Amino acid sequence: GFRSTASRNVFVGFNSGITNVGGHSNTALGFLAGPSSASLKNAAAVGYKASVSQSNSLVLGGTDSLAVRVGIGTTAPNFQFEVRTAATNATIAQFR
């Protein structure tokens, strides 16, 4: 990892994981993605400027204007989180 003295970290993307100097077992995927603290453990941030601030957590996407929608079973989610069934293409769970 970039500037990391810890081990078992995986950082992919320009300056991803740049703040991780003492944490371990973290994952960051995306431009400037990564832990917001220097000593998190088992945390992951995925997406453009995604930031995770506590251990044992996974964050998808950024916040505010960088927030993303997450879809399972759909290529174009209409809600912040949407799950669709393949059989009828009906929404079976959604969160705004």
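Up top you'll find the structure we're talking about.
Enquirer: Explanation requested: the overall build of the chain in the structure shown.
Expert: If you tally the helices and strands in the chain, you get zero helices and nine strands. Overall, the chain shows an N-to-C arrangement of helices and strands of β-β-β-β-β-β-β-β-β. In terms of overall dimensions, the chain has C-alpha extents of about 50 × 25 × 20 Å along its principal axes. For the chain, the residues scored as buried account for 29% of the 96 residues in total. For the chain, contacts bridging at least 24 residues in sequence account for 0% of all contacts bridging at least 6. Approximately 5900 Å² of the chain is accessible, and the part contributed by carbon and sulfur atoms is 56%.

Enquirer: What am I meant to see in the nonpolar core here?
Expert: Within soluble globular proteins, side chains that are nonpolar generally end up buried alongside one another. By size, the foremost hydrophobic cluster in this structure holds eight residues: Phe11, Ala28, Ala33, Leu40, Ala43, Ala45, Ala50 and Val52. The contacts of Ala28, once residues within four sequence positions are left out, are Val10, Phe11, Val12, Ser16, Gly17, Ala33, Gly34 and Ala45.

Enquirer: Got a minute to help me understand the sheet that holds strand β9 (residues 91-95) in this structure?
Expert: Strand pairing within a sheet occurs via backbone hydrogen bonds; the two strands may be parallel or antiparallel. Taking strand neighbours across the sheet as the criterion, the three strands line up as β7-β8-β9 in an open arrangement whose pairing is mixed. For this open sheet the edge positions go to β7 (70-72) and β9, each flanked by a neighbour on one side alone. Neighbour to neighbour, the strand axes of the sheet diverge by 10° on average, direction disregarded. Taken together, the four bridges between strand β8 (residues 81-84) and β9 define a ladder with antiparallel strand orientation. Of the residues in β9, the one forming a bridge with Arg84 is Thr91.

Criteria and thresholds
Residues numbered from 1 in each chain as written. Predicted model: local features only at pLDDT ≥ 70, side-chain atom pairs only at ≥ 80, totals over all residues. Heavy atoms only, no water. Helix = DSSP H or I, 4+ residues; strand = E, 2+ residues; numbered from the N terminus. Buried < 20%, exposed > 50% of the residue type's maximum accessible area, 1.4 Å probe, protein only. Contact = heavy atoms within 4.5 Å. Areas by Shrake-Rupley, 256 points an atom, 1.4 Å probe, with all protein chains shown as cover. Core = buried A, V, L, I, M, F, W, Y, C linked by side-chain atoms within 4.5 Å. Pairing = 2+ DSSP bridges. Axes fitted to C-alpha atoms, helices over the stretch in contact; angles between N-to-C directions.

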